[in-house]
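Each chain, written out:
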Amino acid sequence: MSALQTSSSDVPTLLVKIFGKDSPGITAGLFDTLAAYSVDVVDIEQVVTRGRMVLCALVTEPPRGLEGDLRATVHSWAESMKMQAEIISGLGDNRPRGLGRSLVTVLGHPLTSEATAAVAARITKTGGNIDRIFRLAKYPVTAVEFAVSGVETEPLRTALAPDAAKLGIDVAVVAAGLYRRAQRLVVMDVDSTLIQDEVIELFAAHAGCEDQVAEVTAAAMRGELDFEQSLHARVALLEGLDASVVDKVRSEVRLTPGARTLIRTLKRLGYQVGVVSGGFTQVTDDLKERLGLDFAHANTLEIVDGKLTGKVTGEIVDRAGKARLLRRFAAEAGVPLSQTVAIGDGANDLDMLNAAGLGVAFNAKPVVRQAAHTAVNFPFLDTVLYLLGITREEVEAADTVDTV
């Protein structure tokens, strides 16, 4: 049993820091050198940036009379490896982390020094301490994760939001813990989220009624019509359209950049993935098959004798319906609601975003960004992976097909 296990934090320890050009065998060589002095390892931290290594080892003090010899030997070994060494005496382990643990993910394109300084300063002003910083990705955006302690997640998120808007970066704040990796169901909106298009507008283009559909949409946005009223009004304009147009619309749908990468990576990591849409099953069913989705639900255009009737059948998927479907999918997947992720862009998605364990506003309207747990304003859907702590290297390791 080590000294640290049998006594207090007053046990003498040594912080051994090795730094210089990285090369194979440095870590093994340091601990081989230390092993001769019967020290116990308390903590290790190693970082390599652009080929330069910093390796820190916190170890117990060697037996009486051997510290001087240990110092000389470590310095000599470091010199032989063309590295530098620094050894600092102290007491005990690292100081305990403060209560409240959060992970702050910062996305920038580019990520400027000004933005990084502002985020770090805001964390400090809220009473938080930055324990570690780790780069998640260098493209298509730079994504950096701060592990923060000493402040609760919600106050930290509230404090950082104005800085993110002012600096043109995305800042996501989530509670740290095992649950983050355990979020095993992701449910997305379709129009302007999974795809770049509004499906009703694609149908309207074939019916020659784009302007009328746009007028109804604008009325709904002004609050003059609710979603169900606007849906029925827009679909009515499609009456008489030949059903063969469904295949044409399917071929016109454009996936959002990064959509295939997001779904493929999630599936390979064991997630289940679904979509809910105020659009139409004639498109979402095709997307489900093409992308290997686990769940898909939308409204259904009624087709009789090869023609669209201008009506929809079945239960309407509206704002409340999307939240109900998220809960249904979670139950079917055997995933607690707290371990789900929802992604959407419009007010119609708000109930779903708020019901999920993590709600992500993707290139959303300001009201949606403010209400969601976090927001992504870069046009790459796979950046959501970084909010889940998945690095670009992990994405590439799981990736064997061309990305979108």
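Here, every reference points to the structure presented above.
Residues numbered from 1 in each chain as written. Predicted model: local features only at pLDDT ≥ 70, side-chain atom pairs only at ≥ 80, totals over all residues. Heavy atoms only, no water.

Within the protein, the regular secondary structure consists of 16 helices and 15 strands. Referenced to the eigenvectors of the C-alpha coordinate spread, the extents of the protein come out at roughly 95 × 40 × 40 Å. Among the 404 residues that make up the protein, the fraction classed as buried is 46%. Intrachain contacts of the protein at a sequence separation of at least 6 include 68% that bridge at least 24 residues. Within the structure as shown, the protein displays about 19100 Å² of accessible surface, and the carbon and sulfur contribution to it stands at 52%. (Helix = DSSP H or I, 4+ residues; strand = E, 2+ residues; numbered from the N terminus. Buried < 20%, exposed > 50% of the residue type's maximum accessible area, 1.4 Å probe, protein only. Contact = heavy atoms within 4.5 Å. Areas by Shrake-Rupley, 256 points an atom, 1.4 Å probe, with all protein chains shown as cover.)

This brings us to helix H6 (residues 199–207). Of the positions making up H6, those classed as buried are Val199, Ile200, Leu202, Phe203 and Ala204. Gly208 occupies a position one or two residues after H6 and carries a positive phi of about 70 degrees.

Next up on the list: the packing of aromatic side chains. Tallying each qualifying case throughout the model produces two aromatic pairs. With a centroid separation of 6.0 Å and 85 degrees between ring planes, the pair formed by Phe203 and Phe280 is classed as edge-to-face. Of this pair, Phe203 sits in helix H6 while Phe280 is found in strand E10 (residues 272–280), placing the two residues 77 residues apart along the sequence. The interplanar angle of 15 degrees and the centroid separation of 4.7 Å between the aromatic rings of Phe295 and Phe329 together place this pair among those described as stacked. Of this pair, Phe295 sits in strand E11 (residues 295–304) while Phe329 sits in helix H12 (residues 319–333); the two residues are 34 residues apart in sequence, bridging distant segments of the chain. The pair Phe295 / Phe329 is uniform in exposure class, with both members buried. One residue, Lys17, lies across the ring of Phe19, its end atom 5.4 Å from the ring centre. (Phe/Tyr/Trp six-rings, centres within 6.5 Å; stacked < 30°, edge-to-face > 60°. Lys NZ or Arg CZ within 6 Å of the ring centre and 35° of its normal.)

With respect to topology, seven strands assemble into an open sheet ordered E12-E11-E10-E9-E13-E14-E15, the strand pairing being mixed. Unpaired on one side and paired on the other, strand E12 (307–313) and strand E15 (374–376) mark the two borders of the sheet. Adjacent strand axes in the sheet meet at a mean angle of 25 degrees when their direction is disregarded. Relative to strand E14 (residues 358–362), strand E13 (residues 340–344) is paired through four bridges, and the arrangement is parallel. What sits directly across from Ile343, in E14, is Val360. Set on the sheet, helix H11 (residues 281–291) makes contact with E10 and E11; between it and E11 the angle comes to about 140 degrees. (Pairing = 2+ DSSP bridges. Axes fitted to C-alpha atoms, helices over the stretch in contact; angles between N-to-C directions.)

Before going further, it helps to examine the pairing of strand E6 (residues 129–137). Both E6 and strand E7 (residues 142–149) contribute to a ladder of seven bridges, which runs antiparallel. Bridged to Asn129 within E7 is Ser149.

Across a sheet, paired strands are connected by hydrogen bonds in the backbone, their directions being either parallel or antiparallel. What the four strands build is an open sheet, ordered E6-E7-E5-E8; its pairing is antiparallel. Because the sheet does not close on itself, it has two edges, and the strands there are E6 and strand E8 (170–175). Ignoring strand direction, the axes of neighbouring strands in this sheet form an average angle of 20 degrees. Seen against the sheet, helix H4 (residues 113–125) touches strand E5 (101–108), E6, E7 and E8 and runs at an angle of roughly 15 degrees to E7.

This brings us to the nonpolar core. Ranked by size, the top nonpolar core spans 62 residues in total, and within it Met188, Leu194, Phe203, Phe280, Leu287 and Ile343 carry the most contacts. Top element by residues in this core is H6. It accounts for five residues. Not counting the four nearest positions on each side in its chain, Phe280 is found in contact with Val199, Ile200, Phe203, Leu231, Val235, Ala298, Asn299, Leu301 and Val312. (Core = buried A, V, L, I, M, F, W, Y, C linked by side-chain atoms within 4.5 Å.)

Helix length check: H12 (15 residues) gives 22 Å between terminal C-alpha atoms against 21 Å at 1.5 Å per residue, within 8%. Those residues of H12 not exposed but buried are Gly321, Lys322, Ala323, Leu325, Leu326, Phe329, Ala330 and Ala333. Close packing links the buried residues of H12 with strand E9 (185–188), E10, E11, E13 and helix H13 (350–355). With a side-chain oxygen positioned 3.4 Å from the backbone nitrogen of Ala320, the residue opening H12 is Asp318. With its phi angle positive at about 70 degrees, Gly334 sits one or two positions after the end of H12. (Expected span 1.5 Å × (residues − 1). Polar contact = N/O pair within 3.5 Å; in protein donor to acceptor, adjacent residues only side chain to side chain.)

Here we come to the packing of H4 against helix H5 (residues 153–167). At their nearest, the axes of H4 and H5 sit 10 Å apart, and the two run at 160 degrees to each other. Judged on the interaxial angle alone, H5 and H4 are roughly antiparallel. Read as a crossing pair, H4 and H5 show a hand that is right-handed. Along its contact with H4, which presents Glu114, Ala115, Ala118, Val119, Arg122 and Ile123, the element H5 presents Leu156, Ala159, Leu160, Asp163 and Leu167. Here the residues of the contact of H4 with H5 sort into eight nonpolar, no polar and three charged. (Parallel < 35°, antiparallel > 145°, perpendicular 65-115°, else oblique. Left-handed = near helix turned anticlockwise from the far one by under 90°. Nonpolar A, V, L, I, M, F, W, Y, C, P; charged D, E, K, R; others polar.)

Counting buried residues in E13 gives five out of five residues, a clear majority hidden from the surface. As paired strands, E9 and E13 are joined by four bridges and run parallel to one another. Looking at the pairing, Val186 lines up with Val341 of E13.

All right, on to the environment of Gly334 then. Its place among the elements puts Gly334 in the loop between H12 and E13. Classification of Gly334 by relative accessible area gives exposed; the value is 63%. Residues Gly334 and Arg184, spaced 150 residues apart in sequence, show a C-alpha to C-alpha distance of 9.4 Å.

At the junction of His109 and Pro110, the peptide bond is cis and its omega measures out at 0 degrees in the coordinates. Inspection of the secondary structure assignment puts Pro110 in the loop between E5 and H4. With an omega of 0 degrees, the peptide bond between Tyr139 and Pro140 qualifies as cis. Looking at the secondary structure, you find Pro140 in the loop between E6 and E7. Its identity is not glycine, yet Arg50 carries a phi of approximately 45 degrees, on the positive side. Look at Lys82: it is not a glycine, yet its phi comes out positive at around 60 degrees. Accessibility expressed as a relative area gives 74% for Lys82, which makes it exposed.

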